[in-house]
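# Report on the structure
Residues per chain are reported as follows:
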Amino acid sequence: MSLHPAGSPATPELPSLRVAVLGAGTVGTEVLRLISQQGEELAHRIGGRLEITGVAVRDTERDRGEHVPAHLLTRDAESLVREADLVIEVMGGIEPARTLLLEAMAHGASVVTANKALLAQDGAALYEAADAHGVDLSFEAAVAGAIPLVRPVRESLAGDRIQRVLGIVNGTTNYILDAMTRSGASFEDALASAQELGYAEADPTADVEGHDAAAKASILASLAFHSRVRLTDVHCEGITSVSAQDISAAARMGRTIKLLSIVERIEEETGERISARVYPALIPEEHPLASVSEAYNAVFIEADAAGSLMFYGQGAGGAPTASAVLGDVVSAARTRVHGGVGPRESRYAELESIPLEELRSAFYISLTVEDRPGVLAEIAGTLSGYGISISTIHQELLEESAETGAPVRAHIGISTHRALESAMTASLDVFSSTATVLSIDSVLRIEGE
Ligand code: NAP
Ligand code: HSE
C-alpha cells in the first residue's frame with residue numbers, strides 16, 4: 001500500500017520500509033502529503049522506499065483529503081506499530097502515544113516524533129527503549145516547528161560548550177501577544193485566530209499557560225547541557241495574566257512583551273548549575289526578538305567557540321512542522337537502509353537545576369494603590385528593605401473623590417534593577433498584606449538589556 005504520486009515510475013530495485021503514521025491531524029496530513037508528492041525523490045535520498053502501511057486515527061470515517069487514502073485509516077494503532085520499520089508519531093498527548101512508541105521500539109522500529117509533551121514528561125523511558133533496542137529516536141519537529149534546532153544543538157554544536165539558549169519557541173503565544181500589541185486585539189480573539197490557523201495545541205491551555213514552551217525548554221536544556229532536565233525542573237509562567245495595560249505600559253517604556261524560554265549554564269564558586277525557565281518578559285523594542293511577529297519563532301544560542309547564533313522561522317503549522325518530521329524520517333530511514341545508529345541521549349554532565357529564587361532579574365511590577373501621602377515611600381521602603389533598587393516609576397491617577405476631587409486610587413508601575421527572585425517574592429508578600437496596596441496587577445521580568 002505505498003503512496004506513489006500519479007505517473008511517477010516505481011524504482012523496484014530500492015528496498016521498502018514499512019512506515020506507520022500515528023495521527024492525521026494538522027501535522028500528520030501534511031506529512032502524508034509530502035510523502036505522497038515527493039515519494040520518488042525521498043526514495044532516492046533514502047535509498048529505500050517509504051511504504052505507508054497505515055495511519056492510526058480516532059475517526060476512520062472522516063474524509064482527510066486525497067493524500068490520506070481512506071483504506072489506510074485504522075483505529076488499531078497497536079498492530080500497526082508492531083509491523084513497522086519506522087513509526088511517525090504525530091498524534092500528540094501522553095497516552096496512548098507513550099505505550100505505542102515503547103511497543104514500536106520493542107519490535108525494532110525507529111521512531112520519529114513531534115511530541116514535545118511526551119519527550120519532556122517521559123523522555124527518559126523513550127531514550128532507554130531506543131538504546132535497549134538499538135533503534136533511533138528523532139524529534140526535530142518537537143522544538144520550534146520547521147526551524148532546525150534539535151540537530152544543531154544535539155549534533156552540530158556537540159563539540160562546543162553551550163552557555164545559553166534564549167528564544168521564542170511557542171508560535172501561538174507569540175501570535176497572541178503580537179496581535180494584542182499591534183492591533184489591540186483581545187486575548188480571546190487572537191487565540192481563536194491562532195487555533196484556526198492550526199498553530200495552537202489541541203488544548204490551547206498548553207500554549208497559553210506556557211507548558212508547551214516549557215516542554216521545549218526542557219528538551220533544549222537536556223541537549224545543550226548533557227543533563228536530564230525534566231519538565232518539573234522548568235519554571236513556567238504563561239501569558240494568561242498579560243493585560244492590555246501591561247502591553248501599553250511596555251510600549252510606554254520602549255519595550256514589548258514576549259514569552260521567552262531561557263536555558264542557561266550558571267557558573268558559581270562551588271561549580272555549575274543550570275536554569276530553565278519560561279515567562280512573559282519585557283524586552284527592548286530594538287532587541288532582535290522584539291520584531292519576531294505572528295507565529296514565528298526565533299532562538300539565540302551562545303556557545304563558547306561558535307559565539308552567538310540565531311535561528312528564525314516558522315515554529316508551528318502543519319507544513320512547516322511536517323518539513324522537520326520528514327527531515328528526521330529521511331535520516332532514520334537512511335540508517336535503516338545503510339546501517340549505523342543516530343545520536344543517543346547524552347547526560348553525562350548531570351548538572352543540577354538552580355531554584356528560581358536564587359536567580360537575579362530586573363522586574364516590572366504594577367500595583368493599584370491608595371493615592372495618599374506616604375504610600376510611595378512605603379512601597380519604596382519595602383523594596384529597599386529587601387535590597388531591591390528602583391530604576392523607574394510611573395504613576396497614573398485612577399480615581400478621585402466625587403465630592404472633594406482629591407485623589408483616591410492610583411496605578412503605579414515600577415521597574416527595578418536586577419534583584420534576587422526571593423527578594424521580589426518577599427516584597428510582594430508584604431504588598432499583599434499592606435492595606436494601602438489594593439492589588440498587585442502584574443509582575444513581569446525584564447530581559448535582553
Ligand atoms: P491534531 O491536529 O490534534 O492531530 C492529532 C491526530 O492524532 C488526529 O488525527 C487524531 O485523530 C489522532 N489521534 C489523537 N489521539 C489518538 C488516539 N488515541 N488514537 C488514534 N489517533 C489519535 O494535532 P497536531 O497539531 O497535528 O499535532 C500533532 C503532534 O505534533 C503533537 O504532539 C503536537 O505537539 C506536535 N506539533 C504540532 C505542531 C503544530 O503546529 N500543530 C507543531 C509542532 C509539533 P482524529 O483526527 O481521528 O481525531
Ligand atoms: N502549539 C505550538 C506552538 C505548536 O504554538 O508553537 C508548535 O510546537
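Residues numbered from 1 in each chain as written. Chains lettered and ligands numbered in written order. Predicted model: local features only at pLDDT ≥ 70, side-chain atom pairs only at ≥ 80, totals over all residues. Heavy atoms only, no water.

## Some points on the overall build of the protein
Applied cut-off: Under the scheme used here, helices are H or I runs from DSSP no shorter than 4 residues and strands are E runs no shorter than 2 residues, and both carry numbers assigned from the N terminus. Computation of the radius of gyration draws on C-alpha atoms alone. For the globule rule, the value is 2.2 Å times the number of residues to the power 0.38. Using a 1.4 Å probe on the protein chains alone, a residue whose accessible area is under 20% of its type maximum counts as buried, one over 50% counts as exposed, and one in between counts as partly exposed. Should any heavy atoms of two residues lie within 4.5 Å, those residues are considered in contact. Neither His nor the chain ends is counted toward charge; the positive residues are Lys and Arg and the negative residues Asp and Glu. In plain terms, the charge of a residue is placed at NZ if it is Lys, CZ if Arg, CG if Asp and CD if Glu.
Of the regular secondary structure elements, the protein holds 14 helices and 18 strands. Over its C-alpha trace the protein gives a radius of gyration of 25 Å, about what one expects of a compact globule, namely 22 Å for 449 residues. The dimensions of the protein, computed from C-alpha atoms along their principal axes, are 90 × 50 × 35 Å. With 449 residues in all, the protein has 54% of them scored as buried. Expressed as a percentage of contacts within the protein between residues at least 6 apart in sequence, the contacts between residues at least 24 apart total 74%. Placing the 34 positive and 63 negative side-chain charges of the protein at their respective mean positions leaves the two points 5 Å apart.

## Focus: the nonpolar core
Worth spelling out the cut-off: The term nonpolar core refers to a set of buried residues drawn from Ala, Val, Leu, Ile, Met, Phe, Trp, Tyr and Cys, joined through side-chain atoms within 4.5 Å.
Counting residues in each nonpolar core, the largest one holds 75 residues, and the members touching the most others are Leu22, Val87, Phe139, Ile162 and Ile301. The dominant element in this core, judged by the number of residues it contributes, is helix 10 (residues 211–225), at nine residues. Once you skip the residues sitting within four places of it in the chain, Ile162 turns out to touch Val153, Leu157, Ala224, Phe225, Arg265, Ile301, Glu302 and Ala303.

## A word on the sheet that holds strand 6 (residues 137–138)
Hydrogen bonding along the main chain pairs the strands of a sheet, whether they run parallel or antiparallel. The line we're drawing: Here, a strand pair is defined by DSSP locating no fewer than two bridges between the strands. Think of each axis as a best-fit line through the C-alpha atoms, taken over the contacting stretch in the case of a helix, with angles from 0 to 180 degrees between the N-to-C directions.
The strand order across the open sheet built from six strands is 3-2-1-4-5-6, with neighbouring strands paired in parallel fashion. Every other strand in the sheet has two partners, leaving strand 3 (73–74) and strand 6 as the edge strands with one partner each. Taken together, the seven bridges between strand 1 (residues 16–22) and strand 2 (residues 49–56) define a ladder with parallel strand orientation. Paired with Leu22 across the bridge in strand 2 is Ala56. Across the sheet, helix 12 (residues 318–338) lies against strand 1, strand 2, strand 4 (86–89), strand 5 (110–113) and strand 6, angled at about 175° from strand 5, the strand it touches most.

## Re the side chain of Glu264
Residue position: Glu264 is located in strand 9 (residues 255–268). Classification of Glu264 as buried rests on a relative accessible area of 14%.

## Some words on the site of ligand 1
Operational definition: Whether a residue is near a molecule or strand depends on its heavy atoms: it is near if one of them lies within 4 Å of it. Throughout this description, a polar contact denotes any pair of N or O atoms lying within 3.5 Å of each other; where both atoms belong to protein, one of them has to be capable of donating a hydrogen while the other can accept it, and for residues adjacent in sequence the pair is counted only when both atoms sit in side chains. Residue burial considers only the protein chains on display, and all accessible areas are found by Shrake-Rupley using a 1.4 Å probe.
Surveying the vicinity of ligand 1 reveals 24 residues, the closest of which are Val27, Asp59, Arg64, Glu201 and Gly317. Between an oxygen atom of ligand 1 and a main-chain N or O atom of Val27, the distance comes to 2.8 Å. For ligand 1, an oxygen atom lies 2.9 Å from a polar atom in the backbone of Arg58. Across the complex, the protein chains shield 86% of the 900 Å² of accessible surface that ligand 1 would expose by itself.

## Some details on the packing of helix 13 (residues 375–385) against helix 14 (residues 421–432)
Just so we agree on the cut-off: Here a crossing is taken to be left-handed if its near helix is turned anticlockwise relative to the far helix by less than a right angle, and right-handed if that turn runs clockwise. Polarity classes work like this: nonpolar for Ala, Val, Leu, Ile, Met, Phe, Trp, Tyr, Cys and Pro, charged for Asp, Glu, Lys and Arg, and polar for all others, with Gly in that last group.
It is the contact of helix 13 with helix 14, at a shortest axis distance of 9 Å, that shows an interaxial angle of 145°. Viewed along their axes, helix 13 and helix 14 form a crossing whose handedness is right-handed. Contacts from Ile379, Thr382 and Leu383 in helix 13 reach Met424, Ser427, Val430 and Phe431 in helix 14. Counted by class, the contact of helix 13 with helix 14 contains five nonpolar, two polar and no charged residues.

## Quick word on the pairing of strand 10 (residues 271–284)
Where burial is concerned, most of strand 10 is hidden: 12 out of the 14 residues are buried. By the bridge criterion, two bridges tie strand 8 (residues 235–236) to strand 10 in an arrangement that is parallel. Paired with His235 across the strands is Arg277, a residue of strand 10. Strand direction decides the pairing type here: strand 9 and strand 10, joined by 14 bridges, are antiparallel. Counterpart to Glu264 in the pairing with strand 10 is Ser275. Connecting the antiparallel pair strand 9 and strand 10 is a turn made up of two residues.

## A word on the site of ligand 2
Among the 13 residues in the neighbourhood of ligand 2, the closest are listed as Lys116, Gly171, Thr172, Tyr199 and Lys216. At 2.6 Å from an oxygen atom of ligand 2 is found a main-chain nitrogen or oxygen belonging to Gly171. Counting only elements with at least two residues in the shell around ligand 2, the list comes to helix 7 (171–183) and helix 10. Tallied by class, the residues present in the shell around ligand 2 amount to four nonpolar, four polar and five charged.

## Quick notes on the domain arrangement of the protein
One frequent convention defines the size of an interface as the accessible area lost when the parts assemble. As a reminder, the rule being used: Throughout, the edges of the domains are those of an automatic or database domain assignment. By definition, the buried area sums, over both parts, the 1.4 Å-probe accessible area that each loses when the two are put together. Definition used for salt bridges: Asp or Glu carboxyl oxygen within 4 Å of a side-chain nitrogen of Lys or Arg.
For the protein, the assigned domains read domain 1 (16–145 + 320–338), domain 2 (156–313) and domain 3 (356–446). Relative placement of domain 2 and domain 3: their C-alpha centres are 26 Å apart. Residue-level contacts link 17 residues of domain 2 with 15 residues of domain 3. Between domain 2 and domain 3, a total of about 1,400 Å² is buried, with carbon and sulfur atoms accounting for 57% of that surface. If you sort the residues of domain 2 by the area they bury against domain 3, Gln245, Arg252 and Leu282 come out on top, with a joint share of 33%. Here domain 2 and domain 3 share two salt bridges between them. Run the count over domain 2 and domain 3 and you get five residue pairs in polar contact (both at pLDDT 80 or more). Secondary-structure elements contributing two or more residues to the side of domain 2 that touches domain 3 are helix 11 (244–252), strand 9 and strand 10. Ranked by residues supplied to the side of domain 2 that touches domain 3, first place goes to strand 10 with seven residues.

## Considerations on the pattern of salt bridges
Applying the stated criterion across every chain yields a total of 36 salt bridges. Arg164 is the partner of Glu264 in a salt bridge, and the nearest nitrogen-oxygen pair spans 2.8 Å. Linking Glu264 in strand 9 with Arg164 in strand 7 (residues 162–168), this pair joins segments that are 100 residues apart in sequence. One network of salt bridges, in which partners are shared, links Glu128, Arg228, Glu345, Arg347 and Glu350.

## Regarding the packing of helix 7 against helix 8 (residues 187–196)
Definition in use: Each angle receives one of four descriptions, namely roughly parallel if under 35 degrees, roughly antiparallel if over 145, roughly perpendicular if within 65 to 115, and oblique otherwise.
Closest axis-to-axis distance for the helix 7/helix 8 pair is 9 Å, and the angle between their directions is 135°. Considering their axes alone, helix 7 and helix 8 lie oblique with respect to each other. Helix 8 is crossed by helix 7, and the crossing has right-handed handedness. Every residue of helix 8 that contacts helix 7 at Thr172, Tyr175, Ile176, Ala179 and Met180 is listed here: Phe187, Ala190, Leu191, Ser193 and Ala194.

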